[in-house]
There are 2 protein chains.
Amino acid sequence: MRHSIDLNKIKIEDSFWSKHVDLVKQVIIPYQWEAMNDRIEDAESSHCLENFKIAAKEESGEFYGAVFQDTDVAKWLEAVGFTLATKKDQQLEKTADEAIDLITKAQCEDGYINTYFTIKEPSKRWKNLCEGHELYTAGHLMEAAVAYYNGTGKRKLLDCMIRFADLICDTFGAEDGKIHGYPGHQEVEIGLIKLYDVTGQKRYLDMAKYFIDARGAGDNYFLEEMKQPDYVRIFPEFDRYDTKYSQSHMPVRKQMTAEGHAVRAVYMYSAMAELAYEYHDKELFDTCVRLWENMTKRRMYITGSIGSSGILERFTTDYDLPNDYNYSESCASIGLALFGLRMSNITKEASYIDVVERALYNTVLAGIALDGKSFFYVNPLECWPDSCMDRTSKEHVKSIRQKWFGVACCPPNIARTLASLGQYIYSVEEECSYLNLFISNTTEICWNGETIQVEVKTKFPFENRVEITLSGGTKRTDFGIRIPDYAKDFTVCSNGERVEYRNEKGYAILRIDSSQTTIIVEFSAPAKFVQANPLVRADAGKVCITKGPLVYALEEVDNGNRLSSIVIDTKESLTEKWDQTLFGGVTVISASAQKISMKDWNETTLYQDSHTVLEDIEIKAIPYCYWNNRGIGEMSVWLKEKL
Amino acid sequence: MRHSIDLNKIKIEDSFWSKHVDLVKQVIIPYQWEAMNDRIEDAESSHCLENFKIAAKEESGEFYGAVFQDTDVAKWLEAVGFTLATKKDQQLEKTADEAIDLITKAQCEDGYINTYFTIKEPSKRWKNLCEGHELYTAGHLMEAAVAYYNGTGKRKLLDCMIRFADLICDTFGAEDGKIHGYPGHQEVEIGLIKLYDVTGQKRYLDMAKYFIDARGAGDNYFLEEMKQPDYVRIFPEFDRYDTKYSQSHMPVRKQMTAEGHAVRAVYMYSAMAELAYEYHDKELFDTCVRLWENMTKRRMYITGSIGSSGILERFTTDYDLPNDYNYSESCASIGLALFGLRMSNITKEASYIDVVERALYNTVLAGIALDGKSFFYVNPLECWPDSCMDRTSKEHVKSIRQKWFGVACCPPNIARTLASLGQYIYSVEEECSYLNLFISNTTEICWNGETIQVEVKTKFPFENRVEITLSGGTKRTDFGIRIPDYAKDFTVCSNGERVEYRNEKGYAILRIDSSQTTIIVEFSAPAKFVQANPLVRADAGKVCITKGPLVYALEEVDNGNRLSSIVIDTKESLTEKWDQTLFGGVTVISASAQKISMKDWNETTLYQDSHTVLEDIEIKAIPYCYWNNRGIGEMSVWLKEKL
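Predicted, not measured: the structure shown is a model, and the values here were computed from it.

Calculation criteria
- Residues numbered from 1 in each chain as written.
- Chains lettered and ligands numbered in written order.
- Predicted model: local features only at pLDDT ≥ 70, side-chain atom pairs only at ≥ 80, totals over all residues.
- Heavy atoms only, no water.
- Helix = DSSP H or I, 4+ residues; strand = E, 2+ residues; numbered from the N terminus.
- Rg over C-alpha atoms; globule rule 2.2 N^0.38 Å.
- Buried < 20%, exposed > 50% of the residue type's maximum accessible area, 1.4 Å probe, protein only.
- Contact = heavy atoms within 4.5 Å.
- Least-squares fit on C-alpha atoms with pLDDT ≥ 70 in both.
- Pairing = 2+ DSSP bridges.
- Axes fitted to C-alpha atoms, helices over the stretch in contact; angles between N-to-C directions.
- Buried area = accessible area lost by both parts, 1.4 Å probe.
- Salt bridge = Lys/Arg side-chain N within 4 Å of Asp/Glu carboxyl O.
- Polar contact = N/O pair within 3.5 Å; in protein donor to acceptor, adjacent residues only side chain to side chain.
- Nonpolar A, V, L, I, M, F, W, Y, C, P; charged D, E, K, R; others polar.
- Parallel < 35°, antiparallel > 145°, perpendicular 65-115°, else oblique.
- Left-handed = near helix turned anticlockwise from the far one by under 90°.
- 1 Å grid on protein atoms, 1.4 Å probe; cavity = no way out; pocket = protein on both sides within 12 Å on 5 of 7 lines; lining within 4 Å.
- Points joined across faces, edges and corners; volume = space filled by probe spheres on them.
- Disulfide = S-S within 2.5 Å.
- Phe/Tyr/Trp six-rings, centres within 6.5 Å; stacked < 30°, edge-to-face > 60°.

Peer 1: For this particular structure, what's the right way to read the overall build of chain A?
Peer 2: Secondary structure assignment for chain A yields 18 helices and 23 strands. Taken against the 2.2 N^0.38 rule, which gives 26 Å for 643 residues, the C-alpha radius of gyration of chain A at 25 Å falls within 12% of a compact globule. C-alpha atoms of chain A, sized along the principal axes, occupy 75 × 70 × 50 Å. Counting the 643 residues in chain A, one finds 66% classified as buried. Counted over contacts in chain A with a minimum sequence separation of 6, partners at least 24 positions apart contribute 71%.

What follows is the structure in structure tokens.
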């Protein structure tokens, strides 16, 4: 299996990504630390560190927050670990060490960590797997521990989580006397696998496998659990619990379609992919392929987002992709990227990265404002702000990014994703190293028995020229470069000469001299019109504009209101123009189009005999990921095609 | 003020309406009686009559059902009253008398009636006006009492409700010692006004006026009520109570827009209109006009439905009229018709009847299956059944009419509306009688000092010829005939001769000889394409087909699936054809159109470069009110216009 490179080996300095990645250290990590300490004025209370202090008996008081409140500090520590891997920062490390001290003090004698249950419901430990989020929280803490260990070399949190993992292994499993349950929200599987990667302890891998194998087998564990006389419902919306919600409606290996809560689903699929590889489990791997295909070819937005329903943040049915009342959670696209990366690493197929890239460049990035201070949880493809009202069918759709909440899943998730962007750039195996994403960076990679310096320089996605310099080796070796699905005329020059390449599963494989080779990749990816399968009822008769991995959108500030009245002939040419002043530099796309006129309409007429008048207009599109950075207004990805 | 005619004076025998109206007596009333007695197998328990027996101490047991469970028997009795007015039925009257005996026995010493509070929460009487529905239930019982009295001449229920109304008048009001509250769900206002109409007791009218005047004035009554230490929340969704929901967010007279729960709103507006007239209250009347204009010119579907949001069944904002996840409750269109009729009777404006007719012919009728056995609560204008899944953003949208529920508001409301259709047909005043709707009937009407026999014969809405015969009078008098907004070339012949008419507020006023006159009205109302104001984002670039008051829809059974892929050029001619075999006889409309082809698409491609292929097709449209009578399938009112 190919693997990602260590984050402490890579330095990203990219014209497109750095301004976002740098926000993590400059803005998000300090802000979240203040938030978790309840030092932000006007912000909802977090109480996150306070909970740990109370659980550690350093302070007295009551638990406050959601059952998964501890994950805020976990995701923060993970982002800090990734950040410190890239660049040392003594002050930040000291702060993080203090948080880790607190976590270890809040650990129970037997290794258990969860401030909600420790403070508030000690007798209910493991009694409500469906809603309690203990294993989910454990998973995030495990991921944090591994990231922090990798970033700093410090074992304290790692050892702490090993003790917790051991407790989990002793508590859950098929054996008599153990709990035959599995997490209500998948995530611990990923954490356990990462713990296995670092420690080599097979029992963690086996534990993750048990959770996957047990899910949905036999009588549903959650429904049985709810029959306990002292069962306490935590989330009112779970009242009519549909086991599909947690992908426990049937054994995982039997599942044919992506169902239920989208984040739960993709976190599970990510773990499944790794387990399938580790155990040479073809049946499980085939399940991963099947679910990937169903999800990405029938249930995914062009922006790489998933989960169409606002209620329960869930998948609905094939081709049901409404644009204006969807959920499309930022976290779900993060999970989709995690799953895709693993599938690509196993199969060496570049096509998985096409989806990963789509998710990262569009939905994940749209989730965070350019100043790093506000966030979208929900990512509509069409927004008419006036209609996004509280207590209506669109109450989940916000027309402006939200400040950090008391309970925040997406913001820290986006932070850790940006901080670990390096994991997506390369995939490495013994014989070959592969460049997945065109992001400027310098790194060193070990393959083919030696360490090679690699430098990538590019202004992608706005220019499609990538310069890759490899040096420091002594041998000839293979190097792969992803040929994106949108790339035309993909050419490669090596040390100044055009070379032929072998196309292996979507990668251009070159045989190079690792002592000193400069590769120039060029391709064309002009702005173009893209359509959805007409089975997608919401997009029939519509087109959207894309350029490379970027989906473009129209905003009211550039195009006036009533974006749904715009009609475009796809024979019109799309003009690309660089605008240095916008969003730190961006290619905007313009075209001639038409708009249904308000002439002959007045405010007192709602319906009248048909007589459409079209006016000529010029439209201007910007990358979807940057929408809503210039105030509130209408936005639309899909435009009516003039037929 | 013009008034409707007595239902016991009119006999409807109409080619379009009779098959629906007759269902009330033949199917709905007997079925609901069985349902209320819990004698329907596989149906949810109603317990409605059982509750009354327990409250009457005839049986012992617990209350079961919603707080407004009593309204089921109220609406049933009202429908029975209307039905008996039209035609005597001893057996039915005996059954109804038994139910009335039970209600009177369940009445408390002081006049109070409500089985929920009597059985379950006697100490909470009037303590939760927001959610308790006591006044709402009282209102429906008052309406039933008046209908039953009018239909049979029997006073037992009327006297019973007079006692209850007296109690309400003694309990509520501005005076010290009285409760300064108002109903959480408006309806008692209508009931009190009807009681005033029958008894002439001004205190009932004053009571209704108090409820209107008090609403939204000063500190919000409901929010204050919720502060009671022993306040018990009945509906969990009221947890973040928005006072707009019950139109109590500001004094009624200050309200500029139709807000909140649509049924509550239109029931209130109906009462307001009558009160404005009775008290010569210009300010209140202007409020009615303003709210009517806002609602019907910015917030109403072309099918005459209102309330865009599935969550809280509420109005949202101007021009927000999504077609596939709207609520558009059948009951709200019933309330709209009630309000429109009153506004028309006050103003003598025919334009109000245009809206009433639209609501009745489309949404109200769509609410009931052709066999009278299943019902829509929610009335989408576009339906893709696969996507209407439980526990998603579309969970409120059903792709097939539902059987009678344990708690059913729409079915009995549709029943009482059909049973009282006669009230909409004529409006009468001293000097003139007006024909509002073109429905075949025979009646006698008193105006101009004498009783005139009137007979209407027509095959409207499929033929636009109406023959009106007046006889039995001795004088010359005025008779008005509504000129619908869709009518072209409206001509009138009197006794064989073309006559000129005076157009007064949309009515053709004729001076006729009431001893014997035959009027032939003819107009043209061909099928046509209609558009929505482009501010309605959901309908921009779309057209729908209408014919007279009927909105047409495409169904999958006639047009294949993917209705959203159909594109129509409005220059195409619409062909009308009579089909005797369909829905008991209907004009279907066909036209040449095109459809986006699935050629070049396969199941594994979700997005690809734009290259639309159109195929020529023939479309077939049927009246919206009849959709979903031939099994489950896609349906769409709005079609893409070829631009």
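After that view, the rundown keeps rolling.
Peer 1: Teacher, can you tell me more about the relation of the copies chain B and chain A here?
Peer 2: Copy one and copy two of the chain differ by a rotation about an axis and a translation along that axis. Laying chain B over chain A is done by rotating through 180 degrees and shifting 0.0 Å along the axis; what remains is an RMSD of 0.0 Å. The transformation relating the two chain copies, once decomposed into turn and shift, fits a two-fold axis. Within chain B, the C-alpha atom positioned nearest to the axis of rotation is that of leucine 643 of chain B, 3.2 Å from it. A shared interface surface links the copies, since 100% of the contact residues of chain B are contact residues in chain A too.

Peer 1: Before we go on, may I ask you to explain the sheet that holds strand β5 (residues 441-447) of chain B in this structure?
Peer 2: Pairing between the strands of a sheet comes from backbone hydrogen bonds, and it takes one of two forms, parallel or antiparallel. Residues and elements named next belong to chain B. Here seven strands make up an open sheet; going across it, the order is β1-β5-β6-β7-β13-β9-β10 and the pairing antiparallel. On the outer flanks of this sheet lie β1 (10-12) and β10 (497-499), each paired with one strand and no other. Averaged over neighbouring strand pairs, the angle between their axes works out to 25 degrees when direction is ignored. Pairing analysis gives five bridges linking strand β9 (residues 488-494) to strand β13 (residues 516-524), with the strands arranged antiparallel. Within β13, the residue paired with valine 492 across the bridge is valine 521.

Peer 1: What is the right way to read unusual backbone geometry from this model?
Peer 2: Residue and element names in this part refer to chain A. Here phenylalanine 460 and proline 461 are connected by a cis peptide whose omega angle stands at 5 degrees. Within the fold, proline 461 resides in the loop between β6 (450-458) and β7 (465-471). Phi angles above zero are rare outside glycine, and tyrosine 319 is one such case at about 65 degrees. Note on placement: tyrosine 319 falls in the loop between α13 (282-298) and α14 (330-347).

Peer 1: Help me understand helix α16 (residues 410-419) of chain B, please; the structure alone is not making it clear to me.
Peer 2: An α-helix turns once every 3.6 residues. As a result, residues three or four positions apart point the same way. Residue and element names in this part refer to chain B. Of all 10 residues making up α16, 10 are buried, and the element is well covered by its neighbours. Looking at α16, one finds that the buried residues are Cys410, Pro411, Pro412, Asn413, Ile414, Ala415, Arg416, Thr417, Leu418 and Ala419. Packed against the buried residues of α16 are α1 (18-36), α3 (70-86), α7 (134-152), α12 (262-278), α14 (330-347) and α15 (351-366).

Peer 1: Sorry if this is basic, but what is going on with the interface of chain B and chain A here?
Peer 2: Across the boundary between the two partners, chain B contributes 75 residues, which contact 75 residues of chain A. For the pair chain B and chain A, the summed buried area comes to about 6,600 Å², and 55% of that belongs to carbon and sulfur atoms. The largest share of the area that chain B buries against chain A comes from Arg391, Arg537 and Tyr607 of chain B, three residues that together contribute 14% of it. Scanning the region where chain B abuts chain A turns up eight salt bridges. Where chain B packs against chain A, one counts 46 residue pairs in polar contact (both at pLDDT 80 or more). For the side of chain B that touches chain A, the secondary structure elements donating two or more residues are α13 (282-298), β14 (528-532), β20 (607-609) and β23 (639-641) of chain B. When residues in the side of chain B that touches chain A are grouped by element, the largest group, five residues, is from β14 of chain B. Classifying every residue of the side of chain B that touches chain A gives 27 nonpolar, 24 polar and 24 charged. In this sheet, β20 of chain B lies alongside strand β14 (residues 528-532) of chain A in antiparallel orientation, the contact comprising three bridges. The residue bridging glutamine 531 of chain A from the neighbouring strand is glutamine 608 of chain B, located in β20 of chain B.

Peer 1: Please explain the environment of leucine 77 of chain A as it appears in this structure.
Peer 2: All names here are of chain A. Relative to the elements of secondary structure, leucine 77 occurs in helix α3 (residues 70-86). The buried category is assigned to leucine 77, whose relative accessible area is 0%. Sequence spacing of leucine 77 and alanine 99 is 22 residues, and the spatial spacing of their C-alpha atoms is 8.3 Å. When neighbours within four sequence positions are excluded, leucine 77 is seen to be in contact with Ala96, Ile100, Ile103, Ala144, Tyr148 and Leu157.

Peer 1: Sorry, what's going on with the packing of helix α9 (residues 188-199) of chain B against α12 of chain B here?
Peer 2: Helix-helix packing is characterised by the crossing angle of the two axes and by the distance between the axes. Residues and elements named next belong to chain B. Contact geometry of α9 with α12 gives a least axis separation of 8 Å together with a crossing angle of 40 degrees. Here α9 lies oblique to α12, going by the angle between them. For the crossing formed where α9 meets α12, the hand is left-handed. Touching Glu189, Ile190, Ile193, Tyr196 and Asp197 of α9 are Tyr267, Ser270, Ala271, Glu274, Leu275 and Glu278, all from α12. Looking at the contact of α9 with α12, its residues break down into six nonpolar, one polar and four charged.

Peer 1: Would you mind showing me how to read the pairing of strand β15 (residues 542-547) of chain A here?
Peer 2: In summary, the side chains of a regular strand alternate between the two faces of the sheet. All names here are of chain A. The buried count for β15 comes to six of six residues, which makes it a mostly enclosed element. Here β15 shows no split at all, with Lys542, Cys544 and Thr546 on one side and Val543, Ile545 and Lys547 on the other all buried. Both β15 and strand β23 (residues 639-641) contribute to a ladder of two bridges, which runs antiparallel. By the bridge assignment, lysine 542 is partnered in β23 with lysine 640. Summarising the sheet, β15 and strand β16 (residues 550-555) pair through two bridges and their orientation is antiparallel. What sits directly across from threonine 546, in β16, is valine 551. Here β15 folds back onto β16, and the loop between the two strands holds two residues, one of which, glycine 548, carries a positive phi near 55 degrees.

Peer 1: In this structure, what is going on with empty space enclosed by the protein? I would like to understand it.
Peer 2: A water-sized probe rolled over the atoms picks out the places where empty space is left. All told, the structure shown has 15 cavities of 30 Å³ or more when counted by the stated rule. Looking at the largest cavity, its volume works out to about 810 Å³. Taken together, 47 residues line the largest cavity, and the ones lying closest to its centre are Asp324, Ala538 and Lys542 of chain A together with Ala538 and Lys542 of chain B. Looking at the lining of the largest cavity residue by residue, the class counts come to 25 nonpolar, six polar and 16 charged. Here the second largest cavity is characterised by a volume of approximately 120 Å³. If you go around the second largest cavity, the residues you meet are Tyr116, Phe117, Glu121, Lys124, Lys127, Asn128, Gln228, Asp230, Tyr231, Val232 and Ile234 of chain A.

Peer 1: Help me out: how do you make sense of the sheet that holds strand β1 (residues 10-12) of chain A in this one?
Peer 2: All names here are of chain A. Taken in spatial order, the seven strands make up an open sheet running β1-β5-β6-β7-β13-β9-β10, and their pairing is antiparallel. Each edge of the open sheet carries a strand with a single partner, namely β1 and β10 (497-499). The average undirected angle you get between the axes of adjacent strands in this sheet is 25 degrees. Sheet analysis places strand β5 (residues 441-447) next to β6, joined by seven bridges and oriented antiparallel. Counterpart to asparagine 441 in the pairing with β6 is valine 456.

Peer 1: Help me out: how do you make sense of the state of the cysteines in this one?
Peer 2: Note: disulfide means a covalent bond formed between the sulfur atoms of two cysteine side chains. All names here are of chain B. Within the structure shown, the criterion is met by zero disulfides over all chains. Note on cysteine 130: no disulfide assigned, nearest cysteine sulfur contributed by cysteine 409 at a separation of 18 Å. A residue is classified by how much of its surface remains accessible, and cysteine 130, at 0% relative accessible area, is buried.

Peer 1: Just to check I follow, could you spell out the packing of aromatic side chains for this structure?
Peer 2: Here the distance between the centres and the angle between the planes together describe a pair of aromatic rings. Residue and element names in this part refer to chain B. Per the stated rule, a full pass over the model turns up 81 aromatic pairs over all chains. Note on tyrosine 116 and phenylalanine 117: the rings are 4.8 Å apart at their centroids and 85 degrees apart in plane angle, and the pair reads as edge-to-face. Take tyrosine 116: its relative accessible area is 8%, and that puts it in the buried class. Measuring from centroid to centroid gives 5.0 Å for tyrosine 182 and phenylalanine 222, while their planes differ by 70 degrees, and the two rings are edge-to-face. One end of the pair, tyrosine 182, is in the loop between α8 (156-171) and α9; the other, phenylalanine 222, is in helix α11 (residues 221-225), and 40 residues separate them in sequence.

Peer 1: Is there a simple way to explain the packing of helix α7 (residues 134-152) of chain A against helix α8 (residues 156-171) of chain A in this structure?
Peer 2: Residue and element names in this part refer to chain A. Between α7 and α8, the least distance of the axes is 9 Å, while the angle of their chain directions is 145 degrees. Relative to α8, the crossing made by α7 is left-handed. Residues Leu135, Ala138, Leu141, Met142, Ala144, Ala145, Val146 and Tyr149 of α7 pack against Leu157, Leu158, Met161, Phe164, Ala165 and Ile168 of α8. When grouped by side-chain class, the residues that make up the contact of α7 with α8 number 14 nonpolar, no polar and no charged.

Peer 1: Can you help me understand the pattern of salt bridges in this one?
Peer 2: Oppositely charged side chains are able to pair whenever their charged atoms sit close together. Per the stated rule, a full pass over the model turns up 103 salt bridges over all chains. Linking glutamate 131 of chain A and arginine 233 of chain A is a salt bridge whose minimum nitrogen-to-oxygen distance equals 2.8 Å. Of this pair, glutamate 131 of chain A sits in helix α6 (residues 129-132) while arginine 233 of chain A sits in the loop between α11 (221-225) and α12 (262-278), placing them 102 residues apart in sequence. Between aspartate 324 of chain B and lysine 394 of chain B there is a salt bridge, and its shortest N-O distance comes to 3.9 Å. A residue pair is termed long-range when its members are at least 10 positions apart, and aspartate 324 of chain B in the loop between α13 and α14 and lysine 394 of chain B in the loop between β2 (382-383) and α16 qualify at 70 residues. Of the two residues examined, aspartate 324 of chain B and lysine 394 of chain B, each falls in the buried class.

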